[in-house]
Amino acid sequence: MASTHIEHAHDAAEFIQNQERTHWHDQALWFVRAKRDKAAGAVAEWEELRSLAAQIKQHTLSRLAEYLEQFEQQATGRGIKIHWARTAEEHNQIVLGILQQHNVHRIVKSKSMLTEECHLNPYLEEHGLDVVDTDLGERIVQLREEPPSHIVLPAIHIKKQEVGETFHKHLGTEEGATDPDYLTEAARGHLRAKFMAADAGITGVNFAVAETGGFVVCTNEGNADIGVSLPKLHIACMGIEKLIPRAADLAVFTRLLARNATGQPITTYTSHFHGPAPGGELHVVLVDNGRSDLLANEKYREALRCIRCGACLNTCPVYRRSGGHSYHATIPGPIGSVLNAARDPATYHSLPYACSLCGSCADICPVKIPLDQQLLDLRGEMARRKHLPLSKRLLMKLVSFVMQRTWLFSFSGKMARWFGPWMPRFLVYNRLNAWGRQREIPEFPKKSFRELYRDNDG
Ligand code: SF4
């Protein structure tokens, strides 16, 4: 947890200073969104699938304890070792303990937002272990010592020229090289050596099935598969909300996930794990880290339905123009604003305001999380907790006072229409009025709506 609160608007302002990057970031994500629309539109029963997915997830959450126990029982029967972690610290300690038991020094890891959330990499590095992220985008941000800026496209904020510079510095590629094929080939060679030398593989979990005790990992690069095929030790880290009841339910989610995430009909690799490899060990670490508290929160528990497709980020006009790092959270965008502000309002109270309330996130969400409504509710909560700046609180009180008195509201409108056009610019556009920094107040109308209505009525 961060010790001080974050100011999304402040960091977004930094991001948009580079207008070229902002435009290109916006366009790149909109391209993914358009691909998603095409893929979703090609499935006639898309809306039925979304409703079904939302119902399955909601049902699972309503009996989460039962399904978790069923999963543990089934998985244990298959020779999988199950561990329970209440917090991120416990998760990290458990993973380190397993690695130390096996005398592991080199680890390859495929993309897992949970391990990002728990800050597993720095923890393992502090204990002298070498952890390599093997998803290409993740590896790029790891080499640059940056966090991912998107949950599906971790390096979407980085240009190929910057990737070229990073690879030149760390992998010894030619200076100035920007050809994506050349750079990818270099990364491939670099990662292959890491795979060959690894003593253990760590993966995330996309879906775990209570009925079978198995789980599924979806990747496009096959890095999770190779990462757990060569070493004998596989550790899978999953948030407790990743559970679904039956194997039959998987079809609903695999059809939705890739289409909604990147517009692909299915992820290139959808790998099912039902036990350790011959002679090996498979551990699953089930992590709570605040999820039970969110489950107990009637208003925001639906956010636990999230399958991390990233579509709400791609469609969000604020995320696209402010970049993932401005959220200062493992999960940015609309779902990140809900999850982080609901769990830690003192730190993340500015995130519910990183939203235009356009509702596009809720429209696109494959599990129908009412993100826009939740963000609106969170704003109310932040105001009740007095997390708004004093100036805004006082202004809101004044607006509320005026709007509750019809005569005063009409009078204020009249005053604004009379004096507004004559007001010197410095009184309107100054340091106190952030709104006016990038906008012009529209021309004042001659008459109010009420006056126009009266004039035209009969
Ligand atoms: S909230 Fe919905 S749209 Fe956003 S990442 Fe989660 S599942 Fe995808």
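One structure accompanies this document, and this report is about it. (Residues numbered from 1 in each chain as written. Predicted model: local features only at pLDDT ≥ 70, side-chain atom pairs only at ≥ 80, totals over all residues. Heavy atoms only, no water.)

Observations concerning the overall build of the protein
Broken down by element type, the protein carries 23 helices and 10 strands. The principal-axis extent of the C-alpha atoms belonging to the protein is close to 85 × 55 × 45 Å. A buried classification covers 50% of the 458 residues belonging to the protein. Taking contacts inside the protein between residues at least 6 apart in sequence as the whole, the part at least 24 apart equals 75%. Of the accessible surface of the protein, which amounts to about 23200 Å², a share of 54% is contributed by carbon and sulfur atoms. Charged side chains in the protein number 54 positive and 52 negative. The centres of these two groups are separated by 7 Å. (Helix = DSSP H or I, 4+ residues; strand = E, 2+ residues; numbered from the N terminus. Buried < 20%, exposed > 50% of the residue type's maximum accessible area, 1.4 Å probe, protein only. Contact = heavy atoms within 4.5 Å. Areas by Shrake-Rupley, 256 points an atom, 1.4 Å probe, with all protein chains shown as cover. Lys, Arg positive; Asp, Glu negative; His and termini not counted. Charge placed at Lys NZ, Arg CZ, Asp CG, Glu CD.)

What about the sheet that holds strand β10 (residues 281–287)?
Across the sheet, which stays open at both edges, the six strands sit in the order β1-β10-β7-β4-β2-β3 with parallel pairing between neighbours. Looking at the sheet topology across the chains shown, the edges are occupied by β1 (81–85) and β3 (130–133). Across the sheet, the mean angle separating the axes of adjacent strands is 20° when strand polarity is ignored. Where strand β7 (residues 233–239) lies against β10, seven bridges are found, and the strand directions are parallel. Across the sheet, the residue bridging to Met238 is Leu286, located in β10. Strands β2 (106–109) and β3 of the sheet are contacted by helix α10 (residues 180–197), whose axis makes an angle of about 135° with β3. (Pairing = 2+ DSSP bridges. Axes fitted to C-alpha atoms, helices over the stretch in contact; angles between N-to-C directions.)

Brief notes about the site of the ligand
If you check the shell around the ligand, you find Cys306, Ile307, Arg308, Cys309, Gly310, Cys312, Ile335, Cys365, Pro366, Val367, Ile369 and Leu371 and nothing else. Partitioning the shell around the ligand into residue classes produces 10 nonpolar, one polar and one charged. (Near = heavy atom within 4 Å. Nonpolar A, V, L, I, M, F, W, Y, C, P; charged D, E, K, R; others polar.)

Side note on the environment of Asp344
Relative to the helices and strands, Asp344 resides in the loop between α16 (333–343) and α17 (345–348). Along the primary structure Asp344 and Gly290 are separated by 54 residues, whereas in three dimensions their C-alpha atoms are 9.7 Å apart.

Some details on a nonpolar patch on the surface
On the surface, Leu395, Leu398, Val399, Met403 and Phe409 cluster together into a nonpolar patch covering about 480 Å² of accessible area. By residue number, the principal contributor to the nonpolar patch is helix α20 (residues 390–403), which donates four residues. For Leu395, a relative accessible area of 48% translates into the label partly exposed. (Patch = residues over 30% accessible without salt bridge, like charges linked within 9 Å, V, L, I, M, F, W, Y side chains within 5 Å. Salt bridge = Lys/Arg side-chain N within 4 Å of Asp/Glu carboxyl O.)

Observations concerning the packing of aromatic side chains
Enumeration over the complete set of coordinates arrives at four aromatic pairs. Seen from their ring centres, Phe207 and Phe253 are 5.4 Å apart, and the 40° between their planes marks the pair as tilted. Of this pair, Phe207 sits in strand β5 (residues 207–209) while Phe253 sits in helix α12 (residues 250–262), and the two are 46 residues apart along the sequence. What makes Phe207 buried here is its relative accessible area of 0%. You can call Phe253 buried: its relative accessible area is 0%. (Phe/Tyr/Trp six-rings, centres within 6.5 Å; stacked < 30°, edge-to-face > 60°.)

Considering the sheet that holds strand β8 (residues 243–244)
As summarised here, the arrangement of the four strands in space is β8-β5-β6-β9, forming an open sheet in which the pairing is mixed. Each having just a single partner strand, β8 and β9 (269–273) make up the two edges of the open sheet. Where β5 and β8 come together, two bridges link them in parallel fashion. Note that in β8 the partner of Ala208 across the bridge is Leu243.

Side note on the packing of helix α9 (residues 160–171) against α10
Look at α9 against α10: their axes get within 11 Å of each other, and the N-to-C directions meet at 35°. Of the two possible hands of crossing, α9 and α10 adopt the one that is left-handed. Residues Lys160, Val163, Gly164, Phe167 and Leu171 of α9 form the contact with α10, whose participating residues are Pro180, Leu183, Ala186, Ala187 and His190. Split into classes, the residues belonging to the contact of α9 with α10 amount to seven nonpolar, two polar and one charged. (Left-handed = near helix turned anticlockwise from the far one by under 90°.)

Brief notes about the side chain of Asn121
Relative to the assigned elements, Asn121 resides in helix α7 (residues 120–126). With residues near it in sequence (within four places) discarded, Asn121 still touches Lys109, Val131, Asp133 and Gln142.

Examining α10
Helix length check: α10, at 18 residues, gives a terminal C-alpha distance of 26 Å against a target of 26 Å (1.5 Å per residue), a fit within 8%. All of the buried residues in α10 are Leu183, Ala187, His190, Leu191 and Phe195. Take α10 and look down its axis: the buried residues cluster within an arc of 145°, on one side only. Across from the buried face of α10, at angles greater than 90 degrees, the exposed residues are Asp181, Glu185, Arg188 and Met196. In this fold, the buried residues of α10 make contact with β2, β3, α8 (136–143), α9 and α11 (223–229). (Expected span 1.5 Å × (residues − 1). Arc of directions from axis to C-beta.)

Some words on the nonpolar core
Ranked by internal contacts, the top residues of the largest apolar core, which has 80 residues, are Phe71, Phe215, Leu243, Phe253, Val284 and Ile335. Beyond its immediate stretch of four places on either side in the chain, Phe71 contacts Ile82, Ala208, Val209, Ala210, Gly213, Gly214, Met238, Leu243, Val284 and Leu286. Membership of the second largest hydrophobic core comes to 22 residues, among which are Ile98, Val104, Leu124 and Cys237. (Core = buried A, V, L, I, M, F, W, Y, C linked by side-chain atoms within 4.5 Å.)

Focus: a negative patch on the surface
On the surface, Glu125, Glu126, Asp130 and Glu145 cluster together into a negatively charged patch. Among the secondary structure elements, Asp130 is positioned in strand β3.

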